[in-house]
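# A look at the structure
Listed below, chain by chain, are the residues.
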Amino acid sequence: MTANPVHIYGPRFSNFVRSVMLVCEEKQLAYTVGFEVDGNHVAFKGEQHFKWHPFGKIPVLLEGTLAIPETASICRYLDENGQLQLQPQKNSQIHAQHDALCALISIDIDKALVRDYLLEFAFPKGENNSIRFDIVKEAQPKAAAAIAIIEQLLQKETVLTSKEFTIADALLAPMLHYISCLPTGFDLIADYPNVEQYLANVMTRPSCQKILTAKEF
């Protein structure tokens, strides 16, 4: 990596953009964020965006002529820089378990908590931009089931229960923080004491206090 700041293409309120920002903060890497690249606005799902990511997703990490799509891959690339490591290094099995957990979080848990549940609050699609609570209530059982899975993981000895901050934490923390900010009856976190304590613990970190704030549009 160069000494110049990397650029995270995407909006600051995106949970996955925040995951990459957390990794940069933890590793003390210089970075910039947003849709402006080298002084020019690059349209979301525009021609250039699709060149970087064939499915037009965010974030994309930009470093010189290099463009890396997909959050977990971005985080692993950033982790190659600097002495602090955010991936378990003890043995191949623990490393693989962490990698599998990252996939679980970034695919299945993200879909249940963010894509199918949280986004209706963030970007309401009802009449006059109102929240479609019927859609929310329909998705709520699967969202609660996903948090129940996290609760079970936190009852075991995994990277989530270690004292070291990992890429898995960077992926999960923004999702849980956003869920915790939802109105009473929809925040779900309070029903799961291990998840609630886990979020409280990660929020003591300076990186999380800086990045995990109210959504900024």
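Residues numbered from 1 in each chain as written. Predicted model: local features only at pLDDT ≥ 70, side-chain atom pairs only at ≥ 80, totals over all residues. Heavy atoms only, no water.

### Topic: the nonpolar core
Within soluble globular proteins, side chains that are nonpolar generally end up buried alongside one another. Core analysis: the largest hydrophobic core is formed by 64 residues, its most contacted members being Ile8, Leu78, Leu113, Tyr117, Leu176 and Ile179. Excluding residues within four positions of it along the chain, Tyr117 makes contact with Ala112, Val136, Ala139, Gln140, Ala143, Ile179, Leu182, Phe186 and Leu188. Judged by nonpolar contacts, the second largest core, of 6 residues, contains Tyr9, Val42, Trp52 and Val60. (Core = buried A, V, L, I, M, F, W, Y, C linked by side-chain atoms within 4.5 Å. Buried < 20%, exposed > 50% of the residue type's maximum accessible area, 1.4 Å probe, protein only. Contact = heavy atoms within 4.5 Å.)

### Some remarks on the pairing of strand S2 (residues 31-34)
Relative to S2, strand S1 (residues 6-9) runs parallel, the two sharing 4 bridges. Within S2, the position partnered with Tyr9 by the bridge is Gly34. Handedness of the crossover joining S1 and S2 through helix H1 (residues 15-27) is recorded here as right-handed. (Pairing = 2+ DSSP bridges. Helix = DSSP H or I, 4+ residues; strand = E, 2+ residues; numbered from the N terminus. Right-handed = clockwise from strand over helix to strand, strands pointing away.)

### Topic: the pattern of salt bridges
Under the counting rule described, the total for this entry stands at 8 salt bridges. Two residues, Lys27 and Asp79, come together in a salt bridge whose shortest N-O distance is 3.2 Å. Taken together, the positions of Lys27 in helix H1 and Asp79 in helix H3 (residues 71-79) put the pair 52 residues apart, joining distant regions of the chain. By the burial criterion, Lys27 is buried, and Asp79 matches it. Linking Asp116 and Lys111 is a salt bridge whose minimum nitrogen-to-oxygen distance equals 2.6 Å. (Salt bridge = Lys/Arg side-chain N within 4 Å of Asp/Glu carboxyl O.)

### What about the pairing of S1?
The alternating pattern of S1 places Val6 and Ile8 on one face and His7 and Tyr9 on the opposite face, and all of these are buried. Across 3 bridges, S1 lies against strand S5 (residues 60-63) in antiparallel orientation. In the strand pairing of S5, Ile8 is matched with Leu61.

### A word on the packing of helix H4 (residues 92-122) against helix H5 (residues 133-153)
Running from N to C, H4 and H5 cross one another at 150°; their axes reach a closest spacing of 8 Å. Taken together, H4 and H5 sit at an angle that is classed as roughly antiparallel. The handedness of the crossing between H4 and H5 comes out as left-handed. Contact residues: H4 offers Leu101, Leu104, Ile109, Ala112, Leu113, Asp116, Tyr117, Glu120 and Phe121, while H5 offers Phe133, Val136, Ala139, Gln140, Lys142, Ala143, Ala146, Ile147, Ile150 and Leu153. Residues belonging to the contact of H4 with H5 are distributed by class as follows: 15 nonpolar, 1 polar and 3 charged. (Axes fitted to C-alpha atoms, helices over the stretch in contact; angles between N-to-C directions. Parallel < 35°, antiparallel > 145°, perpendicular 65-115°, else oblique. Left-handed = near helix turned anticlockwise from the far one by under 90°. Nonpolar A, V, L, I, M, F, W, Y, C, P; charged D, E, K, R; others polar.)

### Focus: the environment of Gly46
Note that Gly46 resides in the loop between strand S4 (40-41) and helix H2 (47-52). Exposure remark for Gly46: the relative accessible area of 16% places this residue in the buried category.

### Structural notes on the packing of H1 against helix H6 (residues 167-180)
Helix packing geometry: the angle between the two helix axes and the distance between the axes. Between H1 and H6, the least distance of the axes is 8 Å, while the angle of their chain directions is 130°. Put simply, H1 runs oblique to H6. The handedness of the crossing between H1 and H6 comes out as right-handed. On H6, the residues touching Asn15, Phe16, Arg18, Ser19, Leu22 and Val23 of H1 are Ala170, Leu171, Pro174, Met175 and Tyr178. When the residues that make up the contact of H1 with H6 are grouped by side-chain class, the tally is 8 nonpolar, 2 polar and 1 charged.

### Looking at the sheet that holds S5
Read from one edge to the other, the open sheet built from 4 strands follows the order S2-S1-S5-S6, with strand pairing classed as mixed. Edge positions in the sheet fall to S2 and strand S6 (66-69), since each has one partner strand and no second. Across the sheet, the mean angle from the axis of one strand to that of its neighbour is 20°, orientation sign disregarded. Its contacts with the sheet put H3 on S1, S5 and S6, and the angle it makes with S6 is roughly 130°.

### Describing H3
Most of H3 is tucked away: 7 of the 9 residues are buried. When we look at burial in H3, the residues that qualify are Thr71, Ala72, Ile74, Cys75, Tyr77, Leu78 and Asp79.

### Re unusual backbone geometry
The omega torsion of the bond from Ile58 to Pro59 falls at 0°, within 30 degrees of zero and hence cis. Although it is not a glycine, Gln28 sits at a positive phi angle of roughly 60°. A residue is classified by how much of its surface remains accessible, and Gln28, at 73% relative accessible area, is exposed. Located in the positive-phi region is Asn129, a residue other than glycine, with phi close to 60°.

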